[in-house]
Structures are given as structure tokens and as C-alpha cells.
Amino acid sequence: MLEFSKEFFEREERDGFVIEPMMKSAWAANLEVLHIVDRICKEHDIRYFADWGTLLGAVRHHGYIPWDDDIDICMLRNDYKNFCKVIEEYRDEVALLNIKTVEDWGEKVDKVINISAFTTNRQEIKEYHGFPFTAGIDIFVVDYVPRNKSEENAWLTIMRYISAVGHIREEMADLVPEGEDYKKLKRDEKEMVALIQEMTNVKFSRPNPSTQELLLLKNRICSLYKDEDADFLTQADCLGQGRDYYLPREVYADVIWMPFENTMVPVPAGYEFLLLKKYGDDYMIPRNVGAGHDYPFYNIAIREVATVRGVEEEEIRQLATKIGPQYYSKFIHKTTQTSVSFPAPFFEEEEIDGVIVGEERKRIWAAQLEVYLEVKRLCDENNLKLYVIGDTLQGAIKRNGYLPLSEDFHLAMMRQDYMKLLPILQEELDPWFDYRNIYSHDGHEDMRCYVITDSYLCDENEYKKRFHGCPHIVGVDIASIDGISEEPAKEELRKNLIQNLLKTAKSMPFNPPYTQEVINIIKEWKELTAIEVDVNNNLRREFVKAADAVAGAYRGECENVRISANLQEGKDTVYKKKWFYDTMTIKFEGIEIQVPVGYREIGENEC
């Protein structure tokens, strides 16, 4: 990973233009993708160069142009072809988007991206420096202009015809098909396509070829010429749009590495010629004309997420800021200050109820208590009730501490409070901690939510200091307490439904694509219960989510409750609701923990 100073991510003004923390995170995330691309290129002897705004930024600013928001690079056609062949080996890190990998690719430039959607995963957000949206770089392809003049004229004409069809289609998109202007453009389009077919001797699969077919043809024609066939290079789109964009081969004959923010980027040896060609002879003079091309680029992602979730864009913008730059700022400024101190004798080996408990387990206990105190902090700040339950409660009753063989720390909340806590964990949990639940993590298949210590991208010694010398990832689990209907027949039906959903979950495969047999099972469930299951996700998780939704659906008056997550383990213990009416505190390993007011009755009920 690239390293940035803490100050890099602060709001800053450069050349009279203000860069917000979210954009700083976006800058860093884009550079992280470039870092991966650089590694791929070095491993496979592929050359690439900074281009357009990134080239100008490297030369003029030694970093981003203040009002720019992306990274541009270019590759010569042969290098790009090799890059396309090898990048599949790195599909766990990045993806290549172009007309061959994305159906009806509508962009004018190819891209390499890290993720494909808005993420709340804290590890991914750390990896990409607080940026929760898709980050990436643009790749422009540099082609050889045929030396033979007649071939060049034909080649150039085809490029311009293909470009013209694209412009015609853009104009038609804003017109009514019945109108005269639309009909005229349609005739022009048909005529242009016919000329392209005639000049290339290519017959398209249909009278009105898709834009993708045209661009694939353009790439085939651009690939015809090699180094020995040309004196000049170009980017075909520039010539196709009528620009004078002939570049001597010497421009790309060698590489010069220049500083760019906290890293180095390769620029063409003939970068001065390029910048004059692109921006004119005063290219070194910054002109703050404001950002272009829908700056900032992540506004598009904000709109898309808001549309999918059916909320206002401002809500997504605020959420993205909390889980992105604000969270990352807390992460890079975190301290090793603990929430509780334990005297040295606490960690000494001792015998408890005939069991020898060593230092390692004691340090695990101390780390778990740190997690508990973090969850309690969030509940206290948000007026939510939290209860210690299970064998953790048994230990509190028997010895004001852990049972000697205990490895877990169990908590519970009433359903209403539990559902309020889940988004709070996402937005407010301290960066030393992480969380897992079925609503936010695809691989999580437990009805309980887990809050865990987080050592990812943390210094090992700092982690151990923060968690009392414990080197392990530890955590607490939180279960929902759900109401039980006063109508026995309805309640038995609901419990059976939950159990059958959980049973189905265990039988499901983990990842798509799914067999027809599995699809049929999903259809049967939908017909019987109207339960919606997303077949594009982990089906085990989807059925556990459905079971949890059924478990939490009852909102009526009740005298009894259950911890529905216990049904996953084949247990069904019923409690009196009044036992959870309020909380009280008792001593536990030198701190105070919250237990239900009916903790003694609950303890007797579970024995």
C-alpha cells in the first residue's frame, strides 16, 4: 500500500481551489489503483505513461491539478494488448472495463477499477484511504499512424466516420423519433454506416450496428499498424474528432519518472511536446476555471446509491462521509489508550474452580472487555439497553467474572434497540473495532451480530498495547430478543417457519451461479411465503436474513420473549419479558457490566 501523511487527508486550498477531505480520499484511492497497475506492468514488462491532466499535474504541480479528480495514463497499442491479457490474473484486486469486458461499454476511455459498488466494509475503506466508492484510473491507447499516405487517408476517414456516428447517436438521444430532425440524423447515420462497411469490407451483424460493434471495428483497424509501419503516433479518437494530434515516435522513446503527490509516475521523454500539443505554449500557468466533467466524479455514485435505496442524495453523502473520510481520519489518528486498566496480578496464571487459567486466556478476556465497553459506549450514547446473557451472565452470577473455560462474551438487546444499533456500528464504531452482521457482510451467516477487535493495517505492537497484550482477534456477540405471540398456534407456525428457513440456509450453496434445483427451491419459498431472496448473493446468508426478518416481525403485546438466534443451535429458551424490563450493574472482572433486572431468574431458567 502507498503511505500518505496524516495531513494529506485534511481540507486544503491549492491555487485558490478548495479540496475537501472526500476528494483527498478519492485522490489517494485512485493512486492506490495506479500503484497496483504499476506493479502489474513491472511484473510483465509493460510500459505506460502519465497522460492528459495527470501528465500536466506531474509537470506543473508535482501532483494532482487542484480541480482534477482522476488519474489518466496511456499505453502504446501493443503494451495495452499485453496488459489486457495479463490483468485477468489480478481479478481479486482490480477489474478492466472496456468494450470487450463490458457489454455496450459506453465510455470513450477504458478504465481499471478496484471495486464495483458503494462499500461499507472497513477493511476495503482502509485499503483505499477512506474512499467508499469505486476508484480507478483511465487508460488511453496510443496507436501508430500508417506511413503510407493512401492508407493513412483511408484509416483517418474511417476513424472520423465512426466518430461521426457516435456524435449522431448522441444528438438523436435528445430528439423525438417522430420528428424531422431525428429522421434526418437517422438517414445520415445509415449513410455513414454504409460507407464504413464499404471502406472496411466488413458486414455488420445487423443493419444498425451497435456502438460496441463500431468500436470493436475501430480497435481492429488501429491494431493493424506496428512500430515499423509509422513515423507518428496518435490517439485515434483525437484524429477522429478532427484534432491535429500527430506525435513523433520519439515522444514515447523513453521514460522519465516525476514526483506525483507521495509517489512517482512515468512521463514520456517528450512530455514538453505533448503538453504543447495538448494545452498550448502557456501550459505552465494554472488557470482555476473550476473542475470539469461532472466534478466530483463520485457524485454519480451517490446518485446511484440513493436511487437504489430510495433515499435523498444528501443522506448517502453524509453516510459516505462518516464511514469514509471521517472514519479513516479517526483510524490514522487513533491512539493505544485503553478503556480500562488491569493490575499486573490479573494476568497471572491461577486456578479457578479446579481449572488452570493462564496468561494468554486472561489477556483474551481483557481484550473482550474492551470490546464490551466500546459496545456499551455506543448504547449509552444512543439510549439503548444492553444486557449480558448466556454463560457470561452465569459467570457474573457465580464469581463476578468469566467462567474458567469461557471463550465468548454474550450480549443481547430487545429487537427494536438491536436494529437501531446496526447502523450505529457502521457509522460510529471506534476504528480499533469492526463488526459483522447478516445485513452488511455477505459471508456472515449468523443471526447474531459480532463486534470484534480490528488489527487490519495496524502496527502489531500498537494493537497488543491497545488490547492488553492480546495478539488475537477477539469479540463479543450480540443477539436480538424477540417477542412471542400470545396465540400459541400462530407462534408455533412462526417458529417452525424460522427453523425451516434456517434448515434451508444450511443446505444452500455459498456462491452463484446456482443450479436450477436451487432456483426451484427459492421459487417454492416465494410462492409459499412471499419471502424475497436475492439470487445474486450468498443464499445461506439470504435465508438467514429471511429467518431473522420473520423472527423480528412480531410487534404485538407479549409476556414472553426468546433469543431467536438460539434456534440456529437447536435451542429454544423462553424468558419472561419483565426480566428484561430494565438493566442493573454488577461487578465483573473488576469492571461493571449491565445485566437484566431479572438476571437471577434468567440464570435459574437456563440452568
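This text gives an overview of the structure that appears in the document. (Residues numbered from 1 in each chain as written. Predicted model: local features only at pLDDT ≥ 70, side-chain atom pairs only at ≥ 80, totals over all residues. Heavy atoms only, no water.)

As for a nonpolar patch on the surface
Working step 1: A contiguous nonpolar patch, built from Tyr581, Met584 and Val597 and spanning about 310 Å² of accessible area, is present on the exposed surface.
Working step 2: You can see methionine 584 is positioned in strand β21 (residues 583-588).
Working step 3: Residue methionine 584 is classed as partly exposed on the basis of its relative accessible area, which comes to 33%. (Patch = residues over 30% accessible without salt bridge, like charges linked within 9 Å, V, L, I, M, F, W, Y side chains within 5 Å. Areas by Shrake-Rupley, 256 points an atom, 1.4 Å probe, with all protein chains shown as cover. Salt bridge = Lys/Arg side-chain N within 4 Å of Asp/Glu carboxyl O. Helix = DSSP H or I, 4+ residues; strand = E, 2+ residues; numbered from the N terminus. Buried < 20%, exposed > 50% of the residue type's maximum accessible area, 1.4 Å probe, protein only.)

Looking at the nonpolar core
Working step 1: If you look at the biggest cluster of nonpolar residues, it comprises 190 residues, and the most contacted ones within it are Phe83, Val112, Tyr252 and Tyr372.
Working step 2: It is helix α1 (residues 21-43) that provides the largest number of residues to this core, a total of 13 residues.
Working step 3: Discounting residues that sit within four places of it in the chain, phenylalanine 83 has contacts with Val37, Ile40, Cys41, Ile46, Met75, Leu96, Val112 and Ile139.
Working step 4: Residues Leu97, Ile99, Trp105 and Ile113 belong to the second largest nonpolar core, which totals five residues. (Core = buried A, V, L, I, M, F, W, Y, C linked by side-chain atoms within 4.5 Å. Contact = heavy atoms within 4.5 Å.)

With respect to the pattern of salt bridges
Working step 1: Counting across every chain of the model gives 46 salt bridges.
Working step 2: For arginine 169, the salt bridge is made with glutamate 189, and the minimal N-O distance between the two is 2.6 Å. Of this pair, arginine 169 sits in helix α5 (residues 149-172) while glutamate 189 is found in helix α6 (residues 180-200), placing the two residues 20 residues apart along the sequence.
Working step 3: You can call arginine 169 buried: its relative accessible area is 17%.
Working step 4: Owing to a relative accessible area of 3%, glutamate 189 belongs among the buried residues under this scheme.

With respect to helix α12 (residues 359-381)
Working step 1: For α12, built from 23 residues, the straight-helix expectation of 33 Å at 1.5 Å per residue is met to within 8% by its first-to-last C-alpha distance of 33 Å.
Working step 2: Phi turns positive one or two residues past the end of α12, at asparagine 383, with a value near 55 degrees. (Expected span 1.5 Å × (residues − 1).)

Some words on the packing of aromatic side chains
Working step 1: Summed over the entire model, instances satisfying the criterion amount to 35 aromatic pairs.
Working step 2: A centroid spacing of 6.1 Å and a plane angle of 70 degrees characterise the contact between phenylalanine 342 and phenylalanine 347, whose relative ring orientation is edge-to-face.
Working step 3: With relative accessibility at 13%, the residue phenylalanine 342 sits in the buried group.
Working step 4: Pairing tyrosine 463 with phenylalanine 467 gives two aromatic rings, centres 5.1 Å apart and planes at 50 degrees, and the pair type is tilted.
Working step 5: Three or more aromatic residues joined by ring pairs make a cluster, and in this case those are Phe4, Phe8, Phe9, Tyr328 and Phe331.
Working step 6: A cation over a ring is seen here: lysine 334 above phenylalanine 331, with NZ or CZ 4.1 Å from the ring centre.
Working step 7: Note that arginine 363 overlies the ring of phenylalanine 347, its terminal NZ or CZ placed 4.1 Å from the centroid. (Phe/Tyr/Trp six-rings, centres within 6.5 Å; stacked < 30°, edge-to-face > 60°. Lys NZ or Arg CZ within 6 Å of the ring centre and 35° of its normal.)

Brief notes about the side chain of arginine 122
Working step 1: Its place among the elements puts arginine 122 in helix α4 (residues 122-127).
Working step 2: In this structure arginine 122 is buried but unpaired, with aspartate 434 as the nearest side chain of opposite charge at 4.6 Å.
Working step 3: A distance of 3.1 Å separates the side chain of arginine 122 from the backbone oxygen of aspartate 430, its partner in a polar contact.
Working step 4: For arginine 122, the contacting residues outside a window of four places in its chain are Tyr327, Leu425, Gln426, Leu429, Asp430, Pro431, Phe433, Asp434 and Tyr435. (Lys, Arg positive; Asp, Glu negative; His and termini not counted. Polar contact = N/O pair within 3.5 Å; in protein donor to acceptor, adjacent residues only side chain to side chain.)

Side note on the packing of α5 against α6
Geometry of a packed helix pair, given as the angle between the helix axes and the separation of the axes.
Working step 1: In the contact formed by α5 and α6, the axes pass within 10 Å of each other and the chain directions differ by 155 degrees. One element, α5, and the other, α6, form an angle in the roughly antiparallel class. In the packing of α5 onto α6, the handedness of the crossing is left-handed. Residues Ala154, Thr157, Ile158, Tyr161, Ile162, Ala164, Val165, Ile168, Arg169, Glu171 and Met172 of α5 pack against Tyr182, Leu185, Lys186, Asp188, Glu189, Met192, Val193, Leu195, Ile196, Met199 and Thr200 of α6.
Working step 2: Of the residues in the contact of α5 with α6, the class split is 15 nonpolar, two polar and five charged. (Axes fitted to C-alpha atoms, helices over the stretch in contact; angles between N-to-C directions. Parallel < 35°, antiparallel > 145°, perpendicular 65-115°, else oblique. Left-handed = near helix turned anticlockwise from the far one by under 90°. Nonpolar A, V, L, I, M, F, W, Y, C, P; charged D, E, K, R; others polar.)

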